[in-house]
Amino acid sequence: CTVIFTRLATRDLHKPISILFCNLAVSDLFTSFSGFWISMLFITNPDITIFGSKDMLAPYALYTTSILSTVYNLVSIGIERYLAVAESMRTRFRVARNHSIAVVFINWVLAFFLGCLPLMGWNCLNAERSISVLYSPFCVDYLIFIAIPNVVVAFIVPLFTYLRIIIILRKRKLRMQACGQAMGTYRSAETQVARTSISIWLLALVSYAPFFAGVIFDAANQRCHIDLYPGVYIFRNCTAMLITITCLGNPLLYTLRLRTLGAKLKALRCLSAERVRACTI
């Protein structure tokens, strides 16, 4: 919410990348909201979060939609950064604001369609054979269909884009060295991109790899809920906590650093104080 507020208040949305940043914050907000919804259902009726119920379809669908939207936003940000740095054969392709708005719309449509498939009938409310043990009443084949392609996209595409950015910046730095020009800007840009890409990989690995491992375990498991209680469900809850931590880390990684966030909030507070003083006068 702080990221969305500061982006809108400081009028940063004229930049295409800022639209993607703000949309990433919206996706993280949906993830936190759906996670809170599932937590409240666990507090009021723990059995339905273990054995599954029709009441769990809507919160799980919203949770899946928000996670998919976050993944697609991260991939879109990586591609946008690559297009902003890379040069085509003759001219540099510039991502316009309309392009970012179209990407945001496509990301949400795809995330809602894939995330709401269980609400459209792809669930195991009446079928015990392929029901998920961790995320009942989702089906195991649905979780595999959602997890494997998106995990591949989330890891392969950022790997390609950020490595390409680092390679392009290094080539430009070597070219400027050969011409005897100053290269401090490219050295700092290369270092910043490298640090950001490493942080992206560590955060994605720590948060989404356990979820993927849980889906693989779910597909290979043949035992019932009672036999796996409580250890497997503790692992599931830890996975959800890691995804929530990702929602906290994304704004600091992609949109605002702590110092930048503090500076912007201070500027907004000073601006509000000046308006109040002007109105008083």
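Residues numbered from 1 in each chain as written. Predicted model: local features only at pLDDT ≥ 70, side-chain atom pairs only at ≥ 80, totals over all residues. Heavy atoms only, no water.

1. A look at the overall build of the protein
Check the secondary structure of the protein and you find 10 helices and 0 strands. Going residue by residue from the N terminus, the α and β elements of the protein occur as α-α-α-α-α-α-α-α-α-α. A buried classification covers 43% of the 281 residues belonging to the protein. The contacts in the protein between residues at least 6 apart in sequence include a share of 75% that link residues at least 24 apart. Per element, the accessible surface of the protein, about 16000 Å² overall, is 68% carbon and sulfur. (Helix = DSSP H or I, 4+ residues; strand = E, 2+ residues; numbered from the N terminus. Buried < 20%, exposed > 50% of the residue type's maximum accessible area, 1.4 Å probe, protein only. Contact = heavy atoms within 4.5 Å. Areas by Shrake-Rupley, 256 points an atom, 1.4 Å probe, with all protein chains shown as cover.)

2. Overview of the UniProt feature "transmembrane region" (unreviewed entry) in the protein
Those places that UniProt annotates as "transmembrane region" (unreviewed entry) correspond, in this numbering, to residues 17-40, 60-79, 100-122, 142-167, 200-220 and 232-256. With 100% helix and 0% strand, residues 60-79 has its two end C-alpha atoms placed 29 Å apart. In the segment residues 142-167, helix accounts for 100% and strand for 0%; the C-alpha atoms at its two ends are 38 Å apart. (UniProt positions renumbered as here; feature names shortened; annotations may be inferred.)

3. What to know about helix α4 (residues 57-85)
Helix length check: α4, at 29 residues, gives a terminal C-alpha distance of 42 Å against a target of 42 Å (1.5 Å per residue), a fit within 8%. Most of α4 is tucked away, with 24 of its 29 residues classed as buried. (Expected span 1.5 Å × (residues − 1).)

4. A look at the side chain of Ser 34
Along the polypeptide, Ser 34 turns up in helix α2 (residues 16-44). Classification of Ser 34 by relative accessible area gives buried; the value is 0%. When sequence neighbours within four positions are dropped, the list of residues in contact with Ser 34 reads Pro 59, Leu 62, Tyr 63 and Ser 66.

5. Notes on the environment of Pro 118
Structurally, the position occupied by Pro 118 is in the loop between α5 (97-115) and α6 (140-179). For Pro 118, a relative accessible area of 0% gives the class buried. Distance in space between the C-alpha atoms of Pro 118 and Ala 58 is 8.7 Å, their sequence separation being 60 residues.

6. Brief notes about a nonpolar patch on the surface
Residues Ile 148, Val 152, Ile 156, Leu 159, Leu 163 and Ile 216 make up a contiguous nonpolar surface patch of about 480 Å² in total accessible area. Broken down by element, the nonpolar patch gets its largest block of residues, 5 residues, from α6. Inspection of the secondary structure puts Ile 148 in helix α6. (Patch = residues over 30% accessible without salt bridge, like charges linked within 9 Å, V, L, I, M, F, W, Y side chains within 5 Å. Salt bridge = Lys/Arg side-chain N within 4 Å of Asp/Glu carboxyl O.)

7. Concerning the side chain of Arg 236
On the secondary structure map, Arg 236 appears in helix α9 (residues 231-255). Since its relative accessible area comes to 8%, Arg 236 is described here as buried. Ignoring sequence-local partners within four residues, the contact set of Arg 236 consists of Thr 49, Tyr 60, Leu 134 and Tyr 135.

8. Things to note about the nonpolar core
Ranked by size, the top nonpolar core spans 29 residues in total, and within it Tyr 135, Phe 138 and Tyr 142 carry the most contacts. With 7 residues, the single largest contributor to this core is α4. Among residues more than four places away in sequence, those in contact with Tyr 135 are Tyr 60, Leu 143, Phe 211, Asp 218 and Arg 236. If you look at the next biggest cluster of nonpolar residues, it comprises 15 residues, including Phe 21, Leu 24, Tyr 162 and Ile 165. (Core = buried A, V, L, I, M, F, W, Y, C linked by side-chain atoms within 4.5 Å.)

9. Focus on the packing of aromatic side chains
Applying the stated criterion across every chain, the model contains 9 aromatic pairs. For the ring pair Tyr 60 and Phe 138, a centre distance of 5.6 Å and an interplane angle of 55° mean the geometry is tilted. Here Tyr 60 is found in helix α4, whereas its partner Phe 138 is found in the loop between α5 and α6, with 78 residues between them in sequence. On the accessibility criterion, Tyr 60 (5% relative accessible area) is buried. (Phe/Tyr/Trp six-rings, centres within 6.5 Å; stacked < 30°, edge-to-face > 60°.)

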